[in-house]
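Next come the chains, spelled out residue by residue.
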Amino acid sequence: MANELITINNELTRLIAALRAAIVGYETAIKDAAEKRSTYDIEWAKAFLSVGEGTQKQRESEAVLIVAQFMREARIAEATRDAYRERLRAIQTTISVQQSMLRHLEETLPSNF
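As a starting point, this report considers the structure included with it. (Residues numbered from 1 in each chain as written. Predicted model: local features only at pLDDT ≥ 70, side-chain atom pairs only at ≥ 80, totals over all residues. Heavy atoms only, no water.)

**What to know about the overall build of the protein**
Stage number 1. Helix and strand counts for the protein come out as three helices and zero strands.
Stage number 2. In the protein, the order of α-helices and β-strands from amino to carboxyl end is α-α-α.
Stage number 3. Projected onto the principal axes, the alpha-carbon positions of the protein cover approximately 85 × 20 × 15 Å.
Stage number 4. The buried share among the 113 residues of the protein stands at 25%.
Stage number 5. Pairs at least 24 apart in sequence give 77% of the contacts found in the protein among residues at least 6 apart.
Stage number 6. Summed over its atoms, the accessible surface of the protein is roughly 7900 Å², and 55% of this surface lies on carbon and sulfur atoms.
Stage number 7. Of the side-chain charges in the protein, 15 are positive and 16 negative, and the distance between the mean point of each set is 2 Å. (Helix = DSSP H or I, 4+ residues; strand = E, 2+ residues; numbered from the N terminus. Buried < 20%, exposed > 50% of the residue type's maximum accessible area, 1.4 Å probe, protein only. Contact = heavy atoms within 4.5 Å. Areas by Shrake-Rupley, 256 points an atom, 1.4 Å probe, with all protein chains shown as cover. Lys, Arg positive; Asp, Glu negative; His and termini not counted. Charge placed at Lys NZ, Arg CZ, Asp CG, Glu CD.)

**Remarks on the nonpolar core**
Stage number 1. Counting residues in each nonpolar core, the largest one holds 14 residues, and the members touching the most others are Ile91 and Ile95.
Stage number 2. Those elements that place two or more of their residues in this core are helix H1 (2-50) and helix H3 (68-108).
Stage number 3. At eight residues, the largest contribution of residues to this core is made by H1.
Stage number 4. Here isoleucine 95 is in contact with Leu12, Leu15, Ile16 and Leu19, once residues within four sequence places are set aside. (Core = buried A, V, L, I, M, F, W, Y, C linked by side-chain atoms within 4.5 Å.)

**What to know about the side chain of glutamine 98**
Stage number 1. Along the polypeptide, glutamine 98 turns up in helix H3.
Stage number 2. Residue glutamine 98 is classed as buried on the basis of its relative accessible area, which comes to 13%.
Stage number 3. Look past the residues within four positions of glutamine 98 in its chain and what remains in contact with it is Ile8, Glu11, Leu12 and Leu15.

**Notes on the pattern of salt bridges**
Stage number 1. Considering all chains together, one arrives at nine salt bridges under this definition.
Stage number 2. Between arginine 37 and aspartate 41 there is a salt bridge; the shortest N-O distance is 3.1 Å. Linking arginine 37 with aspartate 41, this pair stays in helix H1, spanning four residues, or about one helical turn.
Stage number 3. A residue is classified by how much of its surface remains accessible, and arginine 37, at 35% relative accessible area, is partly exposed.
Stage number 4. One salt-bridge network, held together by shared partners, links Arg37, Asp41 and Glu78. (Salt bridge = Lys/Arg side-chain N within 4 Å of Asp/Glu carboxyl O.)

As structure tokens, then:
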């Protein structure tokens, strides 16, 4: 039983370090996604205004083609941000499970242990 406690404690230590790293990555990804989305929105608006003729749908499509690289970068940055958010949730859930296991083991230990 003592080995189980040590194993769970070691896993919690590893998970907490992973959580810290994921938080730093998430903070960076949030900023990157916001900056790239802002750039895309601004460039799209400029492109839309520069397209002179056609229906609104045609002009919107032309604007998307003009700023395709900005759109791609923004979507990749947003997907990266979302992946970090899911990683954070997964790590937090795993930490919670490990803490529950630790509490259960501590409660079932003999009092003289």
